[in-house]
Amino acid sequence: MDRGCSLGSPIVGLDSRYLLAGGWAGPCGWALRAGMSDPRSFSAHERSPVKSIQLATRLALLLLIGGELLMVQWASLASRGSGLTVSEGVVFAGLVGVLNLVAFSLARPRIRAQGLALVLARGWILGSVAALFTGLGLALAWVMLGVLVVVARSGVEVSPEQIRVGLVVTGGLALLMGFGASLWGFTWGQRRVRIDRVDLPVTGLPVALSDLNLVQISDLHIGPLLPPEELRGMVDRVNALGADLVLITGDVFDFDPAYVEAGCRELGRLSATHGVFAVLGNHDVYTGAEQVVASLRANSAIRVLRDEWERLDVGGESLCIAGLEDRGVGWTERDSESTELERLAQEIPESLPTVLLVHRPAFFAQAAALGFDVALTGHTHGGQLSLPGLKHHNPSRLVSRWTRGRFEQGGCVLYVNRGLGVAGLPLRFNCPREISWIRLVPREGSEALP
Ligand SMILES: [Fe+2]
């Protein structure tokens, strides 16, 4: 491996409340006020991830208030036949603003409570996400209607009553679509598990390794949102793929140690010809890293790589699996570097193809510079909500350049798994849970070794 890479800075520690409290750095990524600090200094043209999320949250709250006001306006048009007066608008804006700020401060500390408090807190957040998207849809629909009216008025007479009916009908459709999409994301959308076929190119890959059948799972978040009994069907689906290797890239547990033993027993059913390997993620640290590792060792044959690597013999060829353990700090960090990763690169013989397991994609640039061939990661959950389209724009872009799918840099290929569970909010839209079914293939233009 290339030994020329020098490490610029130590691992940066930020308070990691994001997934614990809000679950996703989304339009309602409200958890940023949960006491995060950002000790890293950023230049004038470079904004820290924490600051980006703080800005996004303020913007989200403003959009939420605006969206809710538009909904009140629609209700007024539909029920009274006229919109809000200026004074009514001011009163409602103040009311909606105060209610949201109060609900925000009440819900934030209760996201990990039990029982009714948890249900109410999550219910408010989910309702807010739905209201925010619905408000945006409503604004878009009314702007389009306005353009249509302006164009139509050049040829025909359009009465105020026709405009009111148009506002009510288009607004009603936007409401239906906004809340419908949110309901879908909360029910069917977040339950879908998709098996994604993934080819990862490796330079000079020995032929024996190109037949390897790898399965990656990540971010299970076993806990209240994925109890062990629900995990059973997912384990069955992984086992049905007949993997040579199963690779788990962290956040096995969410935050509650009460789920660890039963979860580990269920994971103990995972089977693969050459074994099951895992690294810990930040949520495993929140749950209790030592308890998770001890239970995995006691209840399964899963090999937890804690800044370690192993050499496997596959059909007479060698493949190295290396694992970097998450420290559980600095969830918003980008372009992370680790002295442990540098040490692993020095220890692993340069000639051996190596798959690196690391929870966060933030280490990709360093892994590429150090000469790793493949880096498998998770952490972002693909944002859990993403816009349609090839680029999959999603909220986790606030914390990572690499939010889902395959990326290449130098001779290293990164894969970011969307996660098998959910964090914070049981909500997914255009971002199903994922089991990655991976094949290593010779990189184009490079010789496959016989
Ligand atoms: Fe996660």
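Computed from a predicted model, the values in this text were never measured in an experiment.

*Asks:* In this structure, what is going on with the overall build of the protein? I would like to understand it.
*Replies:* From N to C terminus, the protein includes 11 helices and 12 strands. Per-residue burial over the protein gives 44% buried out of 450 residues. By sequence separation, contacts in the protein at least 24 residues apart represent 77% of the contacts at least 6 residues apart.

*Asks:* Where do I start with the sheet that holds strand β1 (residues 193–202) in this structure?
*Replies:* Strands in a sheet are paired, the pairing made by backbone hydrogen bonds, and the direction either parallel or antiparallel. Strands sit in the order β1-β12-β2-β3-β4-β5 across an open sheet of 6 strands; the sheet is mixed. Because the sheet does not close on itself, it has two edges, and the strands there are β1 and β5 (303–304). Summarising the sheet, strand β2 (residues 214–217) and strand β12 (residues 433–442) pair through 3 bridges and their orientation is antiparallel. Residue pairing in the sheet places leucine 214 in a bridge with isoleucine 438 of β12.

*Asks:* When you look at the sheet that holds strand β6 (residues 308–314) in this model, what are you seeing that I'm missing?
*Replies:* Taken in spatial order, the 6 strands make up an open sheet running β6-β7-β8-β9-β11-β10, and their pairing is mixed. A single partner strand is all that each edge strand has here, and the edge strands are β6 and β10 (405–409). This sheet shows a mean twist of 20° between the axes of neighbouring strands, independent of strand direction. Bridging between β6 and strand β7 (residues 317–324) involves 7 bridges; their strand directions are antiparallel. From the neighbouring strand, arginine 311 faces β7, where its bridge partner is cysteine 320. The strands that helix α10 (residues 339–347) touches are β6 and β7; relative to β7, the one it contacts most, it runs at about 165°.

*Asks:* I tried to follow the pairing of strand β9 (residues 374–377) on my own but got confused; where do I start?
*Replies:* For a regular strand, side chains alternate in direction, first toward one face of the sheet and then toward the other. Burial of β9 is two-sided: the residues Val374 and Leu376 facing one way and the residues Ala375 and Thr377 facing the other way are all buried. Judged from the 4 bridges that link them, β9 and strand β11 (residues 412–416) form a sheet pairing that is parallel. Counterpart to leucine 376 in the pairing with β11 is tyrosine 415.

*Asks:* Could you clarify how one ought to interpret the packing of helix α4 (residues 115–153) against helix α5 (residues 160–191) in this entry?
*Replies:* How two helices sit against one another is set out by the angle between their axes and by the gap between those axes. Here α4 crosses α5 at 150°, and the two axes come no closer than 8 Å. With respect to α5, the element α4 is oriented roughly antiparallel. Considering the relative orientation of α4 and α5, their crossing is right-handed.

*Asks:* Would you take a moment to explain the nonpolar core for this structure?
*Replies:* Taken as a class, soluble globular proteins show a tendency for nonpolar side chains to be buried jointly. Residues Val246, Leu356, Leu357, Ala367 and Ala375 are the most contacted members of the largest nonpolar core, which totals 73 residues. The leading source of residues in this core is helix α11 (residues 364–370), at 6 residues. When sequence neighbours within four positions are dropped, the list of residues in contact with alanine 367 reads Leu341, Leu356, Phe372, Ala375 and Cys412. Counting 29 residues, the second-largest nonpolar core is a separate cluster that includes Ile65, Trp331, Leu425 and Cys431.

*Asks:* What exactly am I supposed to notice about helix α9 (residues 289–299) here?
*Replies:* The periodicity of an α-helix, 3.6 residues per turn, causes residues three or four places apart in sequence to face the same way. For α9, the complete set of buried residues consists of Val292, Ser295 and Leu296. Buried residues along α9 cover an arc of 100° about the axis, so they all sit on one side. Seen from the buried face of α9, the exposed residues on the opposite side, beyond 90 degrees, are Glu290 and Ala298. If you follow the buried residues of α9, they end up packed against α7 (260–267), β4 (276–279), α8 (282–287) and β5.

*Asks:* Which parts of the structure should I look at to understand the environment of glutamine 190?
*Replies:* Within the secondary structure, glutamine 190 is located in helix α5. Taking the C-alpha atoms as reference, glutamine 190 lies 8.7 Å from glycine 421; in sequence the two are 231 residues apart. Residues in contact with glutamine 190, not counting those within four places in the same chain, are Gly185, Val422, Pro426, Leu427 and Arg428.

*Asks:* Sorry if this is basic, but what is going on with the packing of α7 against α9 here?
*Replies:* Look at α7 against α9: their axes get within 9 Å of each other, and the N-to-C directions meet at 45°. Viewed along their axes, α7 and α9 adopt a mutual orientation that is oblique. Taken as a pair, α7 and α9 cross one another with a handedness that is right-handed. Counting all contacts with α7, which are made through Val260, Glu261, Cys264 and Arg265, the residues of α9 involved are Gln291, Val292, Ser295, Leu296 and Asn299. Counted by class, the contact of α7 with α9 contains 4 nonpolar, 3 polar and 2 charged residues.

*Asks:* Any chance you could explain unusual backbone geometry here in plain terms?
*Replies:* What is expected of a backbone is that most residues other than glycine have negative phi and most peptide bonds are trans. In this structure, aspartate 307 is a non-glycine residue whose phi angle is positive, near 60°. Relative to the helices and strands, aspartate 307 is located in the loop between β5 and β6. Even without glycine at this site, histidine 392 takes up a positive phi of about 50°. The partly exposed category is assigned to histidine 392, around which 18 C-beta atoms lie within 10 Å.

What counts and how
Residues numbered from 1 in each chain as written. Predicted model: local features only at pLDDT ≥ 70, side-chain atom pairs only at ≥ 80, totals over all residues. Helix = DSSP H or I, 4+ residues; strand = E, 2+ residues; numbered from the N terminus. Buried ≥ 20, exposed ≤ 12 C-beta atoms within 10 Å, placed from the backbone. Contact = placed C-beta atoms within 7 Å. Pairing = 2+ DSSP bridges. Axes fitted to C-alpha atoms, helices over the stretch in contact; angles between N-to-C directions. Parallel < 35°, antiparallel > 145°, perpendicular 65-115°, else oblique. Left-handed = near helix turned anticlockwise from the far one by under 90°. Core = buried A, V, L, I, M, F, W, Y, C linked by C-beta atoms within 7 Å. Arc of directions from axis to C-beta. Nonpolar A, V, L, I, M, F, W, Y, C, P; charged D, E, K, R; others polar.

These figures come from the coordinates and say nothing about function on their own.
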